[in-house]
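Each chain is listed here by its residues.
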Amino acid sequence: MEKVSNTNEKQVKSVGFLERWFKLSSHKTTVKIEVMAGFTTFVTMSYIMFLNPIIMSKSGMPFDGLFLATCLGAAIATILMGMYANWPVGLAPGMGLNAFFTFTVVGSMGYSWEIALGAVFLSGVLFVLMSVTRLREWMLESIPMSLRLAMTAGVGLFLGFIGLRFTGLVVADPDNIVAIADLTHFGFGAFGPEAPALGFLSFLLISILSYRNVFGAVLIGIAVTTLVAFIMTWVLPTDFFVVAEAAKSFAPTSGFMSYNGLLAIPDFAALEPILWKADIAGAFQVALIPVIVTFLFVNIFDTAGTLMGVAERANLQDKNGKIQGLNKSLKADSISSVIGTAFGCSPVTSYVESAAGVSVGGRTGLTAVTIGLLFFVGMFFLPLAQMLPGFAVDGALIYVAMLMMSSLRALDWDDLTEYAPAVCTTVMMAFTFSISNGIAFGFITYTVLKLGAGKSNEISGGVWALTALFVAKFMFLQH
């Protein structure tokens, strides 16, 4: 009896601590609701554990280390958000910025991934400084809404193009630059395992499941596509698959992927090659200013939009409409960008998938702490991440891209001087294969069109300054 009494007393004390710290009753929630909300958000955003290492490993960084870094960065950042800001928001390396890091800064511009990490660190420090001063408000107020919406949509189109290339759906063409692939092709290309039809199947499955509000739609879509690939390797003859000479070791006779179990104790030695490897001194270059500004802009506007959207759904406004704890949540997000750099991650940011947890009752930081703890558990699933075929995961990449592009619906389509710069920003990100170029074209187009339309009074001081910076970039800093 005494043992049972002691156990009950400990449970009461732990619940009492959670009540005091997270103010559960004042938010009209319970421990059970918060834990379930955290689990819900984790399932909806856990795809980042598999996608981020795949994308960033193209920069030359080790996949195993990136997987652990993604889990650790997301876990620590999300717990920080929960414990400090008491918000039900999950954080992880941002989609789009990881692609910009890999394919533009490292791939197109030719910088090492260490210098690229240095640029991420500097943008994170600037974000922190802006979060503790009035610079953040100035930035958010000075950049027109149309360009903010376009940044999100443009990053989405950029991601979508990458996803289509990864799956093999879009291939190079000597006459038309790009073309659709042979959908009957199953083999290996420059970007890893290619199976265009299966990649498209992954995207379609995820989209249908999401439309029907199926719990864990992204993970289910990836799992089903992977299962289909397994079945194909068992049923179809080996000569059905086309295997490049450079990829014989991955031949489909042993399956598209090698099964080595689903769980393993994390080997933190895999982190050593990327831990604290940011070359901050190397990032102090004039030519990298547009890169740092791009990391900063996309992070700020994506974070602000996500946090305000979650706040509205979680009813975190007071009676005057002021969002409670917004400053703390922005500080937690900005600090997380710097923390993520230490582990070798692209900017860590708040995830819009947090709305899933809010929809089932998540209202406090206990939801975020639950998400963070589950990311710690995720570190044990490295063998699963190594096994998943690229095309199955890339379907999720295309799906995320479509979600991001939906922001264009909020544009003022009756005002050419608003929607034309936004569309220019969006398409140029994909067509120049550079997020920073897209932003630059957008600002220049916005300023010129407003001047030509006699609306110079709508051009803020911030837009003037940034337009001058981007004009200088094209004139003197073009890489």
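The structure displayed is predicted, hence computed values, not measured ones.

Draft legend 1. Representation of the overall build of the protein chain in the model. When its secondary structure is counted, the protein chain shows 19 helices and 6 strands. Split into buried and exposed, the 479 residues of the protein chain put 54% on the buried side. A separation of at least 24 residues holds for 80% of the contacts in the protein chain among residues at least 6 apart in sequence. Summed over its atoms, the accessible surface of the protein chain is roughly 20700 Å², and 66% of this surface lies on carbon and sulfur atoms.

Draft legend 2. Just a nonpolar patch on the surface, in detail. Residues Leu-262, Leu-263, Ile-265, Val-377 and Phe-380 make up a contiguous nonpolar surface patch of about 480 Å² in total accessible area. Along the chain, Leu-263 falls in the loop between α10 (217-235) and α11 (289-313).

Draft legend 3. Geometry of the environment of Val-377. Along the chain, Val-377 turns up in helix α14 (residues 365-378). Residue Val-377 is classed as partly exposed on the basis of its relative accessible area of 43%. C-alpha separation for the pair Val-377 and Leu-72, spaced 305 residues apart in sequence, amounts to 9.8 Å.

Draft legend 4. Expanded view of helix α19 (residues 461-476). Here α19 is 16 residues long and its end C-alpha atoms lie 22 Å apart, about the 22 Å a rise of 1.5 Å per residue gives. Taken together, the buried positions of α19 are Gly-462, Val-463, Leu-466, Thr-467, Phe-470 and Lys-473. One side of α19 holds all its buried residues, which, seen down the axis, span an arc of 125°. Exposed residues lying more than 90 degrees from the buried face of α19 are Gly-461, Met-475 and Phe-476.

Draft legend 5. The pattern of salt bridges, seen in detail. For the structure on display, the rule yields 4 salt bridges. Measuring nitrogen to oxygen at the nearest pair gives 3.6 Å for the salt bridge that ties Lys-277 to Glu-272. Linked by salt bridges that have partners in common, Glu-418, Lys-450 and Glu-458 make up one network.

Draft legend 6. Focus on the pairing of strand β3 (residues 177-180). Across 4 bridges, the pairing between strand β2 (residues 170-173) and β3 is antiparallel. Residue pairing across strands places Asp-173 opposite Ile-177, the latter belonging to β3. Connecting β2 to the next strand, β3, in antiparallel fashion are 3 residues.

Draft legend 7. Spatial organisation of the packing of helix α5 (residues 97-108) against helix α8 (residues 145-167). The N-to-C vectors of α5 and α8 enclose an angle of 70°; their axes lie 11 Å apart at closest approach. Our classification of the angle between α5 and α8 gives roughly perpendicular. The way α5 lies across α8 gives a crossing that is left-handed. In this structure, α5 uses Ala-99, Phe-100, Phe-103 and Thr-104 to contact α8, whose residues at the interface are Phe-158, Leu-159, Ile-162 and Phe-166. Split into classes, the residues belonging to the contact of α5 with α8 amount to 7 nonpolar, 1 polar and no charged.

Draft legend 8. Quick peek at the side chain of Ser-202. Tracing the backbone through its elements, the reader meets Ser-202 in helix α9 (residues 196-211). For Ser-202, a relative accessible area of 0% corresponds to the buried category. When near neighbours in sequence (up to four residues on either side) are disregarded, Ser-202 contacts Gly-221, Thr-225, Phe-391, Ala-392, Gly-395 and Ala-396.

Draft legend 9. Focus on the packing of aromatic side chains. With the rule as written, the count across this model stands at 15 aromatic pairs. Look at Phe-39 and Phe-215: their rings are 5.9 Å apart centre to centre, the planes differ by 35°, and that puts the pair in the tilted class. Of this pair, Phe-39 sits in helix α2 (residues 31-45) while Phe-215 is found in the loop between α9 and α10, placing the two residues 176 residues apart along the sequence. For Phe-215, a relative accessible area of 43% corresponds to the partly exposed category. Through a chain of ring-to-ring contacts, three or more aromatic side chains come together here, namely Phe-103, Phe-158, Phe-161, Phe-166 and Phe-433. Positioned above the aromatic ring of Tyr-84 is the side chain of Lys-328, whose terminal nitrogen or guanidinium carbon lies 5.3 Å from the ring centre.

Draft legend 10. Inspection of unusual backbone geometry at higher detail. You will see that Lys-23, though not glycine, has its phi angle at about 55°, which is positive. With respect to the secondary-structure elements, Lys-23 resides in the loop between α1 (2-22) and α2. Owing to a relative accessible area of 45%, Lys-23 belongs among the partly exposed residues under this scheme. Phi angles above zero are rare outside glycine, and Phe-433 is one such case at about 55°. Tracing the chain through its elements places Phe-433 in the loop between α17 (416-431) and α18 (435-452).

Draft legend 11. Broad picture of the packing of α8 against α18. Where α8 meets α18, the axes come as close as 10 Å, and the angle between the chain directions of the two elements is 150°. Of the possible angle classes, the one that applies to α8 and α18 is roughly antiparallel. Where α8 crosses over α18, the handedness of that crossing is right-handed. Contacts from Ser-146, Leu-147, Met-151, Val-155 and Phe-158 of α8 reach α18 at Ile-435, Ile-439, Gly-442, Phe-443 and Tyr-446. Of the residues that constitute the contact of α8 with α18, the class distribution is 8 nonpolar, 2 polar and no charged.

Draft legend 12. View of the nonpolar core. Grouped together as the largest cluster of nonpolar side chains are 118 residues, with contacts concentrated most on Phe-101 and Phe-443. No other element matches α11, which puts 13 residues into this core. Filtering out sequence-adjacent residues up to four positions away, Phe-443 remains in contact with Ile-143, Leu-147, Met-151, Phe-297, Val-463, Leu-466, Thr-467 and Phe-470. Ala-153, Leu-408, Leu-411 and Ala-422 belong to the second-largest nonpolar core, a separate cluster that totals 6 residues.

The rules behind the values
Residues numbered from 1 in each chain as written. Predicted model: local features only at pLDDT ≥ 70, side-chain atom pairs only at ≥ 80, totals over all residues. Heavy atoms only, no water. Helix = DSSP H or I, 4+ residues; strand = E, 2+ residues; numbered from the N terminus. Buried < 20%, exposed > 50% of the residue type's maximum accessible area, 1.4 Å probe, protein only. Contact = heavy atoms within 4.5 Å. Areas by Shrake-Rupley, 256 points an atom, 1.4 Å probe, with all protein chains shown as cover. Patch = residues over 30% accessible without salt bridge, like charges linked within 9 Å, V, L, I, M, F, W, Y side chains within 5 Å. Salt bridge = Lys/Arg side-chain N within 4 Å of Asp/Glu carboxyl O. Expected span 1.5 Å × (residues − 1). Arc of directions from axis to C-beta. Pairing = 2+ DSSP bridges. Axes fitted to C-alpha atoms, helices over the stretch in contact; angles between N-to-C directions. Parallel < 35°, antiparallel > 145°, perpendicular 65-115°, else oblique. Left-handed = near helix turned anticlockwise from the far one by under 90°. Nonpolar A, V, L, I, M, F, W, Y, C, P; charged D, E, K, R; others polar. Phe/Tyr/Trp six-rings, centres within 6.5 Å; stacked < 30°, edge-to-face > 60°. Lys NZ or Arg CZ within 6 Å of the ring centre and 35° of its normal. Core = buried A, V, L, I, M, F, W, Y, C linked by side-chain atoms within 4.5 Å.

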